[in-house]
Amino acid sequence: MSNKLTTLKTRLAEKLGDAIVEDKLEFGELTLTVAPDRYRETCFVLRDDFSFETLIDLTVVDYLAWGESEWDTDTSDAGGFSRGVEAVTAGRLRFGETVKAPTMDGPRFCVVLHLLSVSENRRLRIKCYCEDNDMPSLPSVLPVWSSANWYEREAFDLFGVIFREHPDLRRILTDYGFVGHPFRKDFPLIGNVEMRYDPEQRRVIYEPVSIEPRVLVPRMIRGEEETNTDA
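Anyway, here's the lowdown on the structure attached to this text. Note that the structure is predicted; figures quoted are calculated from it, not measured.

1. Details of the environment of Leu158
Inspection of the secondary structure puts Leu158 in helix α3 (residues 148-159). By relative accessible area, which is 8% here, Leu158 ends up buried. Taking the C-alpha atoms as reference points, Leu158 and Val60, 98 residues apart in sequence, are found 8.9 Å from one another. Leu158 has contacts with Leu173, His181, Pro182, Phe183 and Arg184, leaving out every residue within four places of it along the chain.

2. Regarding helix α1 (residues 2-16)
Here α1 contains 15 residues, and its C-alpha end-to-end distance of 21 Å stays within 8% of the 21 Å for a straight helix at 1.5 Å per residue. Every buried residue of α1 is listed here: Leu5, Leu8, Leu12 and Leu16. All buried residues of α1 lie within an arc of 60 degrees about the axis, which places them on one face of the element. Exposed positions of α1 whose direction lies more than 90 degrees from the buried face are Asn3 and Glu14.

The rules behind the values
Residues numbered from 1 in each chain as written. Predicted model: local features only at pLDDT ≥ 70, side-chain atom pairs only at ≥ 80, totals over all residues. Heavy atoms only, no water. Helix = DSSP H or I, 4+ residues; strand = E, 2+ residues; numbered from the N terminus. Buried < 20%, exposed > 50% of the residue type's maximum accessible area, 1.4 Å probe, protein only. Contact = heavy atoms within 4.5 Å. Expected span 1.5 Å × (residues − 1). Arc of directions from axis to C-beta.

Listed below in structure tokens is the structure:
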């Protein structure tokens, strides 16, 4: 299998040239990072010239606060380990509180595709970083693979990546009036508002979040001989 992937990697480099920003062959998988301005063109080549006729999955990775952690794991005791003093993301903040977003030296959002060639029995991962962190966008690959339709709508809904020329880019999982994109790292885990049906008003109403956020701290589980108080 590794020889086949090495051959495929060489052929892709020859065919795509500078469209490939980086290629990695690790853990029996080949991953290509492609330039944003060559994204759709590369997808057509992979389908037509390399028989990757099936798009298995399309998703997005948010690299905000990549490599940072609010958990202090260097020291621990019988009670487990504690979290850092400063919050890295908005996940554990209370309603109305904010956290200063980490500065990004490079692209924040990366679109990831997983392709399958049924005829050649091989798989390929494609990564493409959006150039604008404030308004991330890439061309839609719906003209290449029809299965990209709902995948791109889901990525837009949850991460806010705009897929240009998509014929029907609407939210698909959240409400039409939903504010924000819930899979972004700076979106609070408890949400911004909560909703319920009011029988008196006979309609759905939105209210401030009543949930108190908490972080479950991993505890050390001792053996039976250590917890037996009768001994």
